[in-house]
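Spelled out from the first residue to the last, the chains are:
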Amino acid sequence: MESIVMRGKPVADVYREVITEKINAAKQRGLLVTLAIVVVGDDSASHVYKDRLVKLIESLGGAAKIIELPATASEEEVIGVIKKLNRNRYVMGILPMMPMPKHINGAAVGAAVSANKDVDCLNLQNAGDVFMGRSKWAACTPRACMAALAHYGIELDGKNVVVVGRSNVVGKPVAMLLLEKNATVTICHSHTKNLAELLLAADVIVAAVGKPCFVKPEMVKEGAVIVDVGINSVGNKLVGDVDPAAYAKTAAYTPVPGGIGVISNMMVMECLTRNL
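Residues numbered from 1 in each chain as written. Predicted model: local features only at pLDDT ≥ 70, side-chain atom pairs only at ≥ 80, totals over all residues. Heavy atoms only, no water.

Trainee: Tell me about the overall build of the protein, and name the residues and values.
Mentor: In terms of helices and strands, the protein carries nine helices and 11 strands. Here the protein has a C-alpha radius of gyration of 19 Å; the compact-globule value for 276 residues is 19 Å, and the two agree. On the principal axes, the C-alpha backbone points of the protein span a range of 50 × 40 × 40 Å. A burial count over the protein gives 51% of its 276 residues as buried. In the protein, the proportion of contacts linking residues at least 24 apart, taken out of those at least 6 apart, comes to 71%. For the protein, the accessible surface area stands at approximately 13,300 Å², while carbon and sulfur atoms represent 54% of it. When the 30 basic and 26 acidic side-chain charges of the protein are each reduced to a single mean position, those positions are 5 Å apart. (Helix = DSSP H or I, 4+ residues; strand = E, 2+ residues; numbered from the N terminus. Rg over C-alpha atoms; globule rule 2.2 N^0.38 Å. Buried < 20%, exposed > 50% of the residue type's maximum accessible area, 1.4 Å probe, protein only. Contact = heavy atoms within 4.5 Å. Areas by Shrake-Rupley, 256 points an atom, 1.4 Å probe, with all protein chains shown as cover. Lys, Arg positive; Asp, Glu negative; His and termini not counted. Charge placed at Lys NZ, Arg CZ, Asp CG, Glu CD.)

Here it is, written out as structure tokens:
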């Protein structure tokens, strides 16, 4: 049976319609939905991501407020900007671009974002609510994973899911969201001894390790579902954390590019408009 390619655009388009309606309804009430993006330094990936988000929110009828600070800015200065945005009634959401320069504690910056304006679950209260199962508003990439699985009808109840990667922004929160869907979840990482064995037993694999083509075909059982979060630059092209040769064994998989990344950007917009 041919694998289902779980492309991101059809998923994002469903959310686009709902979000656009919300933004237009807000505009009718005299409210311009605005996302503040804080960029510190010259990290090229952050600037590319910023530009994509600006283009996206403007296409939805909202607006972006960009605050760019030099790489020499202090942690206190950055947090000061965040606190000022917290008080700005015209700003509905705040997204500080990560990573911050090495002398700045990115976690402290994220924690300074007020809970009601936090669009990527950086505030500790919001992260705690996700962990406790009290909130669905996890970081945008874990929610994108769940949106893709739901859209393509992938059953999770009772399934054996292996998450490769334990980051605070993807691995841990996506495991919490999967548990809420009654999956049996194993989180693997750099110290996992029997990784290949665990992956071979997985009904669903979420690859979020940040290493190109890390999951090999021999680690994937026939009929498994793969959600590939990785975006790695190799030569002049982008590849995921899963070797494309593994796709032939799957029932369904997300491509790279064109998969989770496309949905993830829209998840920022969904969170931005969650209270409208």
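Trainee: Outline the nonpolar core, listing residues and values.
Mentor: Within soluble globular proteins, side chains that are nonpolar tend to cluster in buried spots. With 55 residues, the main nonpolar core has Leu35, Leu149, Leu178, Val206, Ile263 and Met269 as its most contacted residues. If near-sequence neighbours (up to four positions away) are discounted, Ile263 is found in contact with Gly8, Val11, Ala12, Ala144, Ala147 and Ala148. Val38, Val78, Ile94 and Val113 belong to the second-largest nonpolar core, a separate cluster that totals 18 residues. (Core = buried A, V, L, I, M, F, W, Y, C linked by side-chain atoms within 4.5 Å.)

Trainee: Describe the pairing of strand S6 (residues 184-188), with residues and values.
Mentor: Inspection of the sheet shows strand S5 (residues 160-164) paired to S6 by five bridges, in the parallel sense. Bridge pairing in S6 links Val162 to Thr186. For the handedness criterion, the β-α-β arrangement of S5, helix H7 (residues 171-180) and S6 is classed as right-handed. (Pairing = 2+ DSSP bridges. Right-handed = clockwise from strand over helix to strand, strands pointing away.)

Trainee: Outline the pattern of salt bridges, supporting the account with residue identities and numerical values.
Mentor: In a structure, side chains of opposite charge can pair up when their charged atoms sit close to one another. Evaluation of the coordinates by the stated rule reveals six salt bridges. Salt-bridge contacts for Asp13 lead to Lys9; the nearest nitrogen and oxygen are separated by 2.8 Å. Residue Asp13 and its partner Lys9 are located together in helix H1 (residues 8-28), separated by four residues, close to a single helical turn. For Asp13, a relative accessible area of 31% puts it in the partly exposed group. A salt bridge links Asp203 to Lys221, with the shortest nitrogen-to-oxygen separation between them at 2.8 Å. Highlighted residues: Asp203 in the loop between helix H8 (195-200) and strand S7 (204-207) and Lys221 in the loop between S7 and strand S8 (224-228), separated in sequence by 18 residues. Given a relative accessible area of 23%, Asp203 falls into the partly exposed group. (Salt bridge = Lys/Arg side-chain N within 4 Å of Asp/Glu carboxyl O.)

Trainee: Tell me about the packing of aromatic side chains, and name the residues and values.
Mentor: Any two aromatic rings considered together are summarised by their centre-to-centre distance and by the angle between their planes. Under the defined criterion, the tally for this structure stands at one aromatic pair. Ring geometry for Tyr247 and Tyr253: centres 3.8 Å apart, planes at 10°, overall stacked. Neither Tyr247 nor Tyr253 differs from the other in exposure class; each is buried. (Phe/Tyr/Trp six-rings, centres within 6.5 Å; stacked < 30°, edge-to-face > 60°.)

Trainee: If you had to explain the state of the cysteines to someone new, which residues and values would you point to?
Mentor: A full pass over the atoms with the stated rule returns zero disulfides. Cys121 takes part in no disulfide bond, and the closest cysteine sulfur, belonging to Cys271, lies 7.9 Å away. Among the cysteines around Cys140, which has no disulfide bond, Cys271 carries the closest sulfur, lying 8.8 Å off. Owing to a relative accessible area of 4%, Cys140 belongs among the buried residues under this scheme. (Disulfide = S-S within 2.5 Å.)

Trainee: Residue-level account of the sheet that holds strand S1 (residues 4-5), with values.
Mentor: With parallel pairing, six strands are arranged side by side in an open sheet as S1-S11-S8-S7-S5-S6. At either end of the open sheet lies a strand with only one pairing partner, and these are S1 and S6. Examined bridge by bridge, S8 and strand S11 (residues 250-253) share three bridges and lie parallel to one another. Its bridge partner being in S11, Ile226 is matched across the sheet by Tyr253.

Trainee: Please provide a residue-by-residue account of the environment of Cys213, values included.
Mentor: Relative to the elements of secondary structure, Cys213 occurs in the loop between S7 and S8. Each C-alpha atom, one on Cys213 and one on Met267, is 26 Å from the other, the two residues being 54 residues apart in sequence. Ignoring anything within four residues of it in the chain, the contact list for Cys213 reads Val239, Gly240, Asp241, Val242, Asp243 and Pro244.

Trainee: Could you give an account of the sheet that holds strand S3 (residues 63-69), with specific residues and numbers?
Mentor: Taken together, the three strands give an open sheet; going across it, the order is S3-S2-S4, and neighbouring strands pair in parallel fashion. Taken across any chain shown, the strands that pair with only one partner, and hence form the sheet edges, are S3 and strand S4 (93-96). With strand direction ignored, the average angle separating the axes of adjacent strands in the sheet is 20°. As paired strands, strand S2 (residues 34-40) and S3 are joined by seven bridges and run parallel to one another. Its bridge partner lying in S3, Val38 is registered against Ile67. (Axes fitted to C-alpha atoms, helices over the stretch in contact; angles between N-to-C directions.)

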